[in-house]
Amino acid sequence: MRMIIVGGGKAGWNLARILLERRHTVSLIERDRQRCEKLADDLDAAIFRGDGTNVAVLEAAGAQNADCFMAVTGSDQDNLVACQVAQDHFHAKKVISRVNDPRNIETFCVLGIRNTVSSTEVLTKMIEQEADLAHMHLIATLNQGKAGICSMTLPEDTALDGVALKDISLPAGTLVISLIRRGVLTIPNGSTILQRGDELVAVSEDRSQKALMRALAETVR
């Protein structure tokens, strides 16, 4: 796939490196001359020096043929404009923008850029969830933090030992997708009998995660 990246800072460099390792074709746009020279030395990518919000620069980088266009500069304004140009002028198949200030996410959505990534928002949510869900670990976030994949190991004094999964009152918006028992992974169903020490992995909406933890953390009184 052909990838266009605007912004050659740490985020852009790492993103380009990963995409190249996965055998994608990468074009990277960066304003700073010295940074462009560094990128050209480090990466097997096409490096374009210029303003990523400029139509001519984007055309030279091949935005008209991009399968995915990503703006990851440190400026939310530049990222927004670059993505709007790629989307509206070049009709890029997919447009993704970095949002440095989470307060700007709604503005991006209103202005037509719905695929946004905010490392600050994701990190904050992970910290909050780890603090709230002491016995549950957040593996990954989904849908911009609106849902997540969580894991929890049933304690030795669990009240769920010998209980079928279908007999547990799990909250709406949750689904147990795997069970690891003594190192062996299985896909559970309603008739699966739980045992102490089982590690359960579940997909859960953000609003349901605390209720899920309470349902799985029940112990023998």
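For the chain, an unreviewed UniProt entry supplies the name Trk system potassium uptake protein TrkA and the organism Candidatus Acutalibacter pullicola.

Draft legend 1. Layout of the sheet that holds strand S3 (residues 46-49). The sheet built from six strands is open, its strands ordered S3-S2-S1-S4-S5-S6 with parallel pairing. Looking along the sheet, the strands with just one partner apiece sit at the ends: S3 and strand S6 (116-117). Bridge count between strand S5 (residues 95-98) and S6: two bridges; the pairing is parallel. Directly across from Ser-97, in S6, lies its bridge partner Thr-116. Across the sheet, helix H2 (residues 33-42) lies against strand S2 (25-30) and S3, angled at about 175° from S3, the strand it touches most.

Draft legend 2. Focus on the side chain of Ser-27. Relative to the helices and strands, Ser-27 is located in strand S2. A distance of 3.4 Å separates a polar atom in the side chain of Ser-27 from a polar atom in the side chain of Arg-2. Of the polar contacts made by the side chain of Ser-27, one reaches the backbone oxygen of Ala-61; its length is 3.4 Å. The contact partners of Ser-27, leaving out residues within four places of it in the chain, are Arg-2, Met-3, Ile-4, Ile-5, Ala-46, Phe-48 and Ala-61.

Draft legend 3. Broad picture of unusual backbone geometry. Here Arg-23, not a glycine, exhibits a phi torsion of approximately 70°, which is positive. Position of Arg-23 relative to the elements: it lies in the loop between helix H1 (10-21) and S2. Its identity is not glycine, yet His-91 carries a phi of approximately 55°, on the positive side. Mapped onto the elements, His-91 comes out in the loop between helix H4 (76-88) and S5. Residue classification places His-91 among the exposed residues on the basis of a relative accessible area of 60%.

Draft legend 4. Layout of empty space enclosed by the protein. Applying the stated criterion across every chain yields a total of one cavity of 30 Å³ or more. Estimates place the volume of the largest cavity at around 30 Å³. Lining the largest cavity we find Met-136, Cys-150, Ser-151, Met-152, Leu-200, Val-201, Ala-202, Leu-212 and Leu-216. Of all the elements in the fold, those that place two or more residues in the lining of the largest cavity are strand S8 (147-153), strand S11 (199-205) and helix H7 (209-216). The class makeup of the residues in the lining of the largest cavity is eight nonpolar, one polar and no charged.

Thresholds applied
- Residues numbered from 1 in each chain as written.
- Predicted model: local features only at pLDDT ≥ 70, side-chain atom pairs only at ≥ 80, totals over all residues.
- Heavy atoms only, no water.
- Pairing = 2+ DSSP bridges.
- Helix = DSSP H or I, 4+ residues; strand = E, 2+ residues; numbered from the N terminus.
- Contact = heavy atoms within 4.5 Å.
- Axes fitted to C-alpha atoms, helices over the stretch in contact; angles between N-to-C directions.
- Polar contact = N/O pair within 3.5 Å; in protein donor to acceptor, adjacent residues only side chain to side chain.
- Buried < 20%, exposed > 50% of the residue type's maximum accessible area, 1.4 Å probe, protein only.
- 1 Å grid on protein atoms, 1.4 Å probe; cavity = no way out; pocket = protein on both sides within 12 Å on 5 of 7 lines; lining within 4 Å.
- Points joined across faces, edges and corners; volume = space filled by probe spheres on them.
- Nonpolar A, V, L, I, M, F, W, Y, C, P; charged D, E, K, R; others polar.

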